[in-house]
Amino acid sequence: MSSARPGRRSVLAGGAALAGTAALTAAAPSAVAAGPRPGDAAGARVSSVDPRYELLTTGINKRFVARPEYIKMIRSSADAARALRDAFRAGKRVSVRSGGHCVADFTCNPEVEVILDFSEMTDVGYDPRFRAFYVDAGARLYNVYEALYKGWGVTIPGGVCHSVGAGGHVSGGGYGMLSRAYGLVVDHLYAVEVVVVDERGRVRTVIATREEDDPHRDLWWAHTGGGGGNFGLATRYWFRSPDATGSRPGDQLVNPPARVWTSALDFPWEQLDEASFARLMKNFGAWHERHGGPDDVYRHLSSLFNVNAKAFGRLSLFTQVDATIPDSRALLDAYLAELLDGTGIEPVPMERPSGELAAMPNQFRPTELPWLAAARMLGAPDPVGANPIARVGLKSAYFRKNFTDRQIASLYRFLADPELDNPDTTLVLLSFGGRINSVAPDATASAQRDSVFKVIFQNIWSDPKDDARYMRWIRDWYEDVFAETQGVPELDGVTDGCYINYPDPDMADPRHNRSDLPWHALFYKGNYRRLQRIKGRWDPSNYFRHSLSVTTAP
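These notes cover the structure that comes with them.

Cut-off values and rules
- Residues numbered from 1 in each chain as written.
- Predicted model: local features only at pLDDT ≥ 70, side-chain atom pairs only at ≥ 80, totals over all residues.
- Heavy atoms only, no water.
- 1 Å grid on protein atoms, 1.4 Å probe; cavity = no way out; pocket = protein on both sides within 12 Å on 5 of 7 lines; lining within 4 Å.
- Points joined across faces, edges and corners; volume = space filled by probe spheres on them.
- Helix = DSSP H or I, 4+ residues; strand = E, 2+ residues; numbered from the N terminus.
- Nonpolar A, V, L, I, M, F, W, Y, C, P; charged D, E, K, R; others polar.
- Core = buried A, V, L, I, M, F, W, Y, C linked by side-chain atoms within 4.5 Å.
- Buried < 20%, exposed > 50% of the residue type's maximum accessible area, 1.4 Å probe, protein only.
- Contact = heavy atoms within 4.5 Å.
- Polar contact = N/O pair within 3.5 Å; in protein donor to acceptor, adjacent residues only side chain to side chain.
- Expected span 1.5 Å × (residues − 1).
- Arc of directions from axis to C-beta.
- Salt bridge = Lys/Arg side-chain N within 4 Å of Asp/Glu carboxyl O.

1. A few points about the layout of surface pockets
Next, step 1: A volume near 880 Å³ is recorded for the largest pocket.
Next, step 2: In terms of lining residues, the largest pocket is bounded by 45 residues, among which C161, E356, I456, Q458 and Y502 are the most central.
Next, step 3: When residues of the lining of the largest pocket are traced back to their parent elements, those giving at least two are α4 (166-171), β12 (301-308), β16 (391-399), β17 (425-431) and β18 (453-461).
Next, step 4: In terms of residue count, the dominant contributor to the lining of the largest pocket is β12 (five residues).
Next, step 5: Residues belonging to the lining of the largest pocket are distributed by class as follows: 25 nonpolar, 17 polar and three charged.

As structure tokens, this is what we get:
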């Protein structure tokens, strides 16, 4: 849908697509893009008669498909500016993609007329002018980790899935197995380059930093968890840790542990009944509640726990701890013992893939590995990428404290339901807290700064005929788990809302969100009003918008 009036044109940018982010104008010295790059490279324009068209009109979730007039492949910030100018002047509705991991309809929906695809912008390097490492928006996470570590011995504490694009991952906050030790990805964000449309319809490319004297620092702030699709087109990020000193590149960003201990265990469903399941969940929650502080010795340990449906046959636990800290192996052993205490479970080797966990039978006994080898192993499976027709339902919640008894009873009832025949149904439990919780809620746009673990509700299927059935199931499950708080993870003593990089439009639907909290309170909490002010200044015509975008309205 198009319009002749700029105020009614719109750009859709995916949360896991390229970070459609705010116009950030820095002081004069930083108003020019820095670092080597193909300054005027231009990508292809793919129309419906091109054999690439079908591939490029959908993303990771095949429930959502667009039929745009064309897809523009972007290869430089100048190319992005030209593409945006062309679409804006023509009154076209635009969406944006970097890695294609948006599970909602932000990028692919029937109203989209042009898709801007940044997957060819993949440069990673060091910029001595900023004393910072730059990452283009289309770079995939594992390629970022490999380039940073092999080149300089540094990294960012980002996510597990290798194929996620940096554009959307960063804009929503970004976290991973190293975040308990080093914070969120955005805690290390120094600057961002964006292409914006001002109130006069002019397209320009600008940069903003976190420097206190940057007159547009608040727009840098909008990129630290404000989510994609709200303010403009982010083309490049720069990273430098806040405590970095000197000028040596290797001192400017996180140095990951040289080696880590890893453990991979499966817990067979045949060993579980409701009591042992409840004890296992309580043990996990209690441990994280006790060890969620910024300076806790266990901040160097994180788990990814796939609590798979009974139809899958097993629950799968992967744990990693920094092997260079004192007593690291003893800390790992104590953690595993505490999780299993009182459950009667006898773990078995992880002999087949489980979600984003590879088959790791040789990790049944803790194994010491180089950090990059562990990172490569952990995220290698891509259960959706391996299924080219995958359809996904996904929801999330932050937990400040342990599960309630009622929540655990609901989890067991749904996951153990004999009528649930979909093995690709999972409750993913992710370690949180640690140094993430050393940052004030308003210091970045990522407001959830006292949670101790994060939860993903996920199901994956292939047949469009099952859409209604499986979406009804995951909605019923989620709403039942949070029945005590009107069907959503309210901002109470136990839960703390949702993660914007797991976008869930149901939270804006009163049929599913029966609480008194609007969707934006669940995702952004008290930071939303500031995001609205930024939106009002830099996108007053609401050009950039999607189904969960920041608005200029009060």
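2. Here we look at the nonpolar core
Next, step 1: Grouped together as the largest cluster of nonpolar side chains are 138 residues, with contacts concentrated most on F305, F457 and W477.
Next, step 2: With seven residues, helix α11 (residues 467-481) is the single largest residue contributor to this core.
Next, step 3: In this structure F457 touches G393, L394, K395, L411, T426, L427, I474, W477, Y478, V481 and F482, once residues within four positions along its chain are discounted.
Next, step 4: Listed in part, the 20 residues of the second largest apolar core include A87, V203, L233 and F544.

3. So, the environment of D463
Next, step 1: Here D463 is to be found in the loop between β18 and α11.
Next, step 2: Distance in space between the C-alpha atoms of D463 and K62 is 9.9 Å, their sequence separation being 401 residues.
Next, step 3: Here K465 takes part through its backbone nitrogen, which lies 2.9 Å from a polar atom of the side chain of D463.

4. Re helix α3 (residues 141-152)
Next, step 1: A rise of 1.5 Å per residue sets the reference length of α3, with its 12 residues, at 16 Å; its end C-alpha atoms lie 16 Å apart and thus fit the reference within 8%.
Next, step 2: Looking at α3, one finds that the buried residues are L141, Y142, V144, Y145 and L148. Buried residues of α3, seen end-on, are gathered within an arc of 155° and therefore sit on one face of the element.
Next, step 3: For α3, the elements touching its buried residues are β6 (124-127), β7 (132-136), α4 and α9 (371-378).

5. Description of the pattern of salt bridges
Next, step 1: All chains considered together, the criterion is met by 34 salt bridges.
Next, step 2: Across the pair R400 and D496 runs a salt bridge, and its minimum N-O distance is 3.2 Å. In this pair, R400 sits in the loop between β16 and α10 (405-415) while D496 sits in the loop between α11 and α12 (519-524), placing the two residues 96 residues apart along the sequence.
Next, step 3: A salt bridge links R511 to D509, with the nearest nitrogen and oxygen atoms 2.6 Å apart.
Next, step 4: The class of R511 is exposed, set by a relative accessible area of 65%.
Next, step 5: Connected through salt bridges with shared partners, the residues K395, R475, D504 and D506 form a single ionic network.

6. What about the environment of W269?
Next, step 1: Within the secondary structure layout, W269 lies in the loop between β11 (259-268) and α7 (274-290).
Next, step 2: The class of W269 is buried, set by a relative accessible area of 2%.
Next, step 3: The spatial distance from the C-alpha of W269 to the C-alpha of R314 is 5.2 Å, given a sequence separation of 45 residues.
Next, step 4: The residues touching W269, leaving out its near neighbours within four places in the chain, are F277, N308, A309, K310, G313, R314, L315, Y412, L415 and A416.

7. With respect to empty space enclosed by the protein
Next, step 1: Applying the stated criterion across every chain, the model contains four cavities of 30 Å³ or more.
Next, step 2: Size it by volume and the largest cavity reaches roughly 150 Å³.
Next, step 3: Across the lining of the largest cavity, the residue classes break down as 10 nonpolar, five polar and no charged.
Next, step 4: As a volume, the second largest cavity reaches approximately 110 Å³.
Next, step 5: Lining the second largest cavity are 17 residues; nearest its centre among them are G172, Y398, S446, Q448 and Y499.
Next, step 6: When its residues are assigned to classes, the lining of the second largest cavity shows 10 nonpolar, six polar and one charged.

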